[in-house]
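# Results of the structural survey
If you want the building blocks of each chain, they are given just below.
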Amino acid sequence: MSINPTPRIIAEFRPKHEIKVDLDERAYLFPAGKSVSQLLFLSDGRTIFVEAVYPFNQSHTPPRLVALDLEDAREFGRRLIEAVHCARNQLVVTSGIRISINVVANGYHLQFGDMNNATELFLGTNCIWRVCQGLLRIADLIAPVESN
């Protein structure tokens, strides 16, 4: 009996689409208290997963920040771009998610989930447009093809 998983099982766990976004030195995740060097936008074709890449992770903090369906991702992308363009706070509330986007002095403060137990991501102004592009690109990759 082999304890190694078969290649077919491993391939099923592999995401269909992956977008990597490099962040700057002002990206932090709380309550974990970690610096974040990259955001990964992964998709299995139906759901979009936002995951963090940490330069250090001795406490084994899970990388997954949020899971979004296509409509939630589109709404989040739209509200994020509105927040950046207009320099004003935005709130994304759908049946599946609750995200607040706050404009702060040196960048953006994103809160995922219930405000009493939120995951907070601080992003600097230098990387916010790359985050917007990555989110919209992954949503476009899984969107159904529009007919002519």
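Residues numbered from 1 in each chain as written. Predicted model: local features only at pLDDT ≥ 70, side-chain atom pairs only at ≥ 80, totals over all residues. Heavy atoms only, no water.

### Concerning the overall build of the protein chain
For the protein chain, the helix and strand inventory stands at 3 helices and 10 strands. Listed N to C, the secondary structure of the protein chain is α-β-β-β-β-β-β-α-β-β-β-β-α in terms of helices and strands. Long-range pairs, those at least 24 residues apart, make up 42% of the contacts in the protein chain between residues at least 6 apart in sequence. For the protein chain, the exposed area adds up to about 9,000 Å²; of that, 51% sits on carbon and sulfur atoms. (Helix = DSSP H or I, 4+ residues; strand = E, 2+ residues; numbered from the N terminus. Contact = heavy atoms within 4.5 Å. Areas by Shrake-Rupley, 256 points an atom, 1.4 Å probe, with all protein chains shown as cover.)

### Considering the sheet that holds strand E2 (residues 28-30)
An order of E3-E2-E10-E9-E8-E7 is seen for the 6 strands of this open sheet, with the pairing classed as antiparallel. The open sheet terminates on both sides in strands that have one partner only, identified here as strand E3 (34-35) and strand E7 (90-93). As judged from the 4 bridges shared by E7 and strand E8 (residues 98-104), these two strands associate in the antiparallel manner. Following the sheet pairing, Val93 is matched in E8 by Arg98. (Pairing = 2+ DSSP bridges.)

### A look at the packing of aromatic side chains
Taken as a whole and judged by the stated rule, the model has 2 aromatic pairs. Ring plane angle 85° and centroid distance 5.8 Å describe the contact between Phe30 and Phe122, whose orientation is recorded as edge-to-face. Residue Phe30 is located in strand E2, and its partner Phe122 is located in strand E10 (residues 119-124); the two are separated by 92 residues in the primary sequence. Taking relative accessible area as the criterion, Phe30 reaches 36% and is therefore assigned partly exposed. Among the residues examined, Phe122 registers a relative accessible area of 28% and is labelled partly exposed. (Phe/Tyr/Trp six-rings, centres within 6.5 Å; stacked < 30°, edge-to-face > 60°. Buried < 20%, exposed > 50% of the residue type's maximum accessible area, 1.4 Å probe, protein only.)

### A closer look at the state of the cysteines
Chemically, a disulfide is nothing more than a covalent bond linking the sulfur atoms of two cysteines. Using the criterion set out here, one finds 0 disulfides in the structure. There is no disulfide at Cys132, and the cysteine sulfur nearest it, in Cys127, is 9.6 Å away. Since its relative accessible area comes to 3%, Cys132 is described here as buried. (Disulfide = S-S within 2.5 Å.)

### Looking at the pairing of strand E9 (residues 107-112)
Taken across its 6 residues, E9 has 6 buried, putting it largely inside the fold. Pairing analysis gives 6 bridges linking E8 to E9, with the strands arranged antiparallel. Note on E9: the bridge partner recorded for Ile99 is Phe112. Counted between consecutive antiparallel strands, the loop separating E8 from E9 contains 2 residues. Here E9 pairs with E10 via 6 bridges, running antiparallel. Paired with His109 across the strands is Phe122, a residue of E10.

### Thoughts on the sheet that holds strand E4 (residues 38-43)
Taken in spatial order, the 4 strands of this open sheet run E1-E4-E5-E6, and their pairing is antiparallel. Two strands in the sheet have a free side with no partner beyond their single neighbour: strand E1 (17-22) and strand E6 (64-69). Direction aside, the axes of adjacent strands within the sheet are offset by 20° on average. Relative to E4, E1 runs antiparallel, the two being bridged by 6 bridges. Each bridged residue has a counterpart across the sheet, and for Glu18 the counterpart in E4 is Leu42. Here helix H3 (residues 128-142) sits on the sheet and contacts E1, E4, strand E5 (47-53) and E6; the angle it forms with E1, its principal contact strand, is near 175°. (Axes fitted to C-alpha atoms, helices over the stretch in contact; angles between N-to-C directions.)

Function-wise, these values are silent; they only describe arrangement.
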